[in-house]
Amino acid sequence: MRALRKLTTQKIVTEDTTLFMGLVGDLFITLDVPRTRELEFENQIRQAMVDLKLQHKNNFILKVLTLEINERIALTQTMRLPFDIPNLRSTTPGSVFQAGVLYLNHTDPYVTSWIGTSDNATEKAALLVLLNKYVPICLEVLKTKFKIVTPISEIMHKQMLCTLLDCLSTPINNCPPETARDVYGTYFVFACLWAFGSAIFPDQLIDWRVEFSKWWLSGFKTITISSSGSVLNYFIDPERKQFIP
């Protein structure tokens, strides 16, 4: 029972866990075998994640990378073997069999951890509002509306956005507190434009950068950008904190 539970729960999504455990209970009616845990080791992992300002959720801490035949991958301290793929459509059965498959549910730990690195409550609140307003719709339109020069995963767009905001943190923090929200919005839009629009390119028929600019100007009007040119041709005046060509 323990082996069946251990092998299967690592490969299914959280929503299916309850159903699976119900089936296991039907097979082993009189058995209730608790999962073997190393509590001291788990606590060390949690503390390390807290120190690194990462998300210390149980479903991340308790999962392990295990081969299909229940053998664990042995790596030395100098070795790293990550696999980050959006799907298994082009993967052979042999590759799936030889590599452990770890499915991560649709959470956003990277952005949450990045916001957690700030000690400024005003900044956190402003960033949460802006992230919820801009990021989901930008990710969606890149999938359906525009062409980009090379495929970029969602996490890479988010990493670019957060990295750009880190680079812009000095001019933001040098602003007076009473103008913080407006300034956050201006610099966030600038970072967002390049995090999501930088890979868009013109093909032989359509200049997708122009289409992206039109879409942005028609959809987001809180932060003012002139419609006389592409939004990617504007930068922020460090003195006035406004977009200028």
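Reading the values: the criteria
- Residues numbered from 1 in each chain as written.
- Predicted model: local features only at pLDDT ≥ 70, side-chain atom pairs only at ≥ 80, totals over all residues.
- Heavy atoms only, no water.
- Helix = DSSP H or I, 4+ residues; strand = E, 2+ residues; numbered from the N terminus.
- Buried < 20%, exposed > 50% of the residue type's maximum accessible area, 1.4 Å probe, protein only.
- Contact = heavy atoms within 4.5 Å.
- Salt bridge = Lys/Arg side-chain N within 4 Å of Asp/Glu carboxyl O.

Going by what an unreviewed UniProt entry lists, the chain is known as Dynein heavy chain AAA 5 extension domain-containing protein and is assigned to Acyrthosiphon pisum.

### Overview of the side chain of His 157
Residue placement: His 157 occurs in helix H8 (residues 154–167). The exposure class of His 157 is buried, given its relative accessible area of 3%. Contacts of His 157, omitting those with residues within four sequence positions, involve Leu 139, Leu 142, Ile 152, Ala 195 and Phe 196.

### Overview of the pattern of salt bridges
For the structure on display, the rule yields five salt bridges. Asp 207 is the salt-bridge partner of Arg 209, the closest N and O atoms lying 3.5 Å from each other. According to the relative accessible area criterion, Asp 207 is partly exposed, its value standing at 29%. Here Asp 237 and Arg 240 are joined by a salt bridge, their closest N and O atoms 3.3 Å apart. By relative accessible area, which is 51% here, Arg 240 ends up exposed.

### Notes on the environment of Lys 147
The topology assignment puts Lys 147 in the loop between helix H7 (121–144) and H8. Judged by relative accessible area, Lys 147 falls into the partly exposed class, the value being 43%. As a C-alpha pair, Lys 147 and Arg 209 span 62 residues in sequence and 9.0 Å in three-dimensional space. Setting aside its immediate chain neighbours within four residues, Lys 147 contacts Ala 199, Ile 200, Phe 201, Asp 203 and Trp 208.

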